[in-house]
Structures are given as C-alpha cells and as structure tokens.
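Architecture at a glance
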Amino acid sequence: MKSGQAEIVETSKGIQKSGLMSRRIAILEFILRIVAFFNTISSAILMATTNETLPFFTQFIRFRAEYNDLPALSFFVVANAVVSGYLILSLALAFVHIVTSKTQNSRIVLIVLDVAMLGLLTAGASSAAAIVYLAHNGNNKTNWFAICQQFNSFCERISGSLIGSFIAVVLLILLILLSAIALSRRH
C-alpha cells in the first residue's frame, strides 16, 4: 500500500515539474515574440523611411534613391509588416499558453503559422539582401555599379534594416523549436 502511494507522489511531482517547465517555455516564447515583433516592425519602418538625394552639378538636377525604387525592397517592407502584425496577434495565444496548460491544438496552430511567417520573412530578407549586395559591390559583368559610395546613408539604413530582419528570422526559428519542445514534453 505504501509503495503505491509513493508512486502517486512521485508521479505528481513529475507532473508539477513538467508543468513548471512548460510554463517557463511559454514565458520564453512570449518574450521572444515581443522581441521579434520589435525587430520586424523596426526593420519595416527603417526601410520604408529610407531615402537619400544627391545634387548633381546644380541644385535643379538631383539623383534620388528610395526603397520603393526597387521591388525587392518594397516586398521586404510588406513582408516585415505582415510578420510584425502576425506577431502582435499571436501574443494573445502565447499568453494563453502561460495561463493554461492544455494548449496542444493552439500550439500546433502557432507552429504552422510560425513556419509560414518564417518563410515569408526569409523570402523578404533574402530578396532585399541580394539588392543590398548589389548596392554595395555592384556587378562588373553586367555594368551595374556600386551605389553605396555615393548614397552612403541610404546603404547604411538598408543594411541595418536587414540585420534586424535576419535577427527576427533566427527568433522565429527559436520560437518554432520551443513550441515543438513544449508539444513533445506533453506526450
């Protein structure tokens, strides 16, 4: 009789430890979602407000560089804005995961949506990275010249925007892994 009670006590302690660990994972997920949101929204704002004008010979003739001159950079802004909107909306489910322990279905939904947003964000950041590479280095074979020697501020801002977006990519990968770990601990 005493060995049966001892097993019940050990099992309940294991469930409490598992519940505590799941709550810690949920809190970490919530924090990572907030940090990823700030990275994506700041990247979108930084890129969308990037422009630089250079005078050419006179004040009437000017060269202007804007993010929306290049479709890849426009896609980058839209992708970051969509992902930041998703991250804000997903905070509600992440909070539910902190409060309650039986959230298997909502975790599966978040994993699927996180993977979709990871794909969108990676596509946007990668397309913009290709343009930033050309802006910095040019391409001699096609006679595309590097513009970053002239448009220095423009290139610094778009490069900084890319860094924030790629940090958000890493954070989304961590979120997916944490959700998968939390799901696997329940079985």
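Residues numbered from 1 in each chain as written. Predicted model: local features only at pLDDT ≥ 70, side-chain atom pairs only at ≥ 80, totals over all residues. Heavy atoms only, no water.

A few words now on the overall build of the protein chain. Scanning the protein chain from N- to C-terminus turns up four helices and two strands. Each helix and strand of the protein chain, ordered N terminal to C terminal, gives the series α-β-β-α-α-α. Residues classed as buried in the protein chain amount to 36% of the 187 residues present. Look at the contacts in the protein chain between residues 6 or more apart in sequence, and 75% of them connect residues 24 or more apart. (Helix = DSSP H or I, 4+ residues; strand = E, 2+ residues; numbered from the N terminus. Buried < 20%, exposed > 50% of the residue type's maximum accessible area, 1.4 Å probe, protein only. Contact = heavy atoms within 4.5 Å.)

It is worth spelling out helix α3 (residues 104-137) at this point. The end-to-end C-alpha separation of α3 is 48 Å, in line with the 50 Å expected for 34 residues at 1.5 Å each. Of the residues one or two after α3, G138 is the one with positive phi, at around 70 degrees. (Expected span 1.5 Å × (residues − 1).)

The next subject is the UniProt feature "transmembrane region" (unreviewed entry) in the protein chain. Under the present numbering, the feature "transmembrane region" (unreviewed entry) in UniProt falls on residues 30-50, 70-96, 108-135 and 162-183. Note that residues 108-135 is 100% helix and 0% strand, and that its end C-alpha atoms are spaced 40 Å apart. (UniProt positions renumbered as here; feature names shortened; annotations may be inferred.)

Moving on: a nonpolar patch on the surface. On the surface, V170, I173, L174 and L177 cluster together to form a nonpolar patch covering roughly 330 Å² of accessible area. Of note, L177 is situated in helix α4 (residues 152-185). Residue classification places L177 among the partly exposed positions, given a relative accessible area of 49%. (Patch = residues over 30% accessible without salt bridge, like charges linked within 9 Å, V, L, I, M, F, W, Y side chains within 5 Å. Areas by Shrake-Rupley, 256 points an atom, 1.4 Å probe, with all protein chains shown as cover. Salt bridge = Lys/Arg side-chain N within 4 Å of Asp/Glu carboxyl O.)

What follows concerns the pattern of salt bridges. This structure, assessed with the given rule, holds two salt bridges. Note that E29 and R107 form a salt bridge whose closest N and O atoms lie 3.0 Å from each other. One end of the pair, E29, is in helix α1 (residues 2-48); the other, R107, is in helix α3, and 78 residues separate them in sequence. Between D114 and R33 there is a salt bridge; the shortest N-O distance is 2.8 Å. Here D114 is found in helix α3, whereas its partner R33 is found in helix α1, with 81 residues between them in sequence. With respect to burial, D114 and R33 carry one shared label: buried.

A few words on the packing of helix α2 (residues 71-99) against α4. Packing of α2 against α4 brings their axes to within 12 Å, and their N-to-C directions diverge by 40 degrees. In this view, α2 runs oblique relative to α4, as classed from their interaxial angle. α2 and α4 meet at a crossing whose hand is left-handed. Contacts between α2 and α4 involve L73, F76, N80, V83 and L87 from the former and F154, S161, L162, S165 and L172 from the latter. Counted by class, the contact of α2 with α4 contains seven nonpolar, three polar and no charged residues. (Axes fitted to C-alpha atoms, helices over the stretch in contact; angles between N-to-C directions. Parallel < 35°, antiparallel > 145°, perpendicular 65-115°, else oblique. Left-handed = near helix turned anticlockwise from the far one by under 90°. Nonpolar A, V, L, I, M, F, W, Y, C, P; charged D, E, K, R; others polar.)

What follows concerns the packing of α3 against α4. The contact between α3 and α4 brings their axes to 9 Å, and the two run at 155 degrees. The orientation of α3 with respect to α4, classified from their angle, is roughly antiparallel. Every pair of crossing elements has a handedness; the one defined by α3 and α4 is left-handed. Here the residues of the contact of α3 with α4 sort into 24 nonpolar, seven polar and two charged.

Right, let's talk about the side chain of R107 for a bit. Looking at R107, the relative accessible area reads 0%, which means it is buried. At 3.0 Å, the side chain of R107 forms a polar contact with the side chain of E29. (Polar contact = N/O pair within 3.5 Å; in protein donor to acceptor, adjacent residues only side chain to side chain.)

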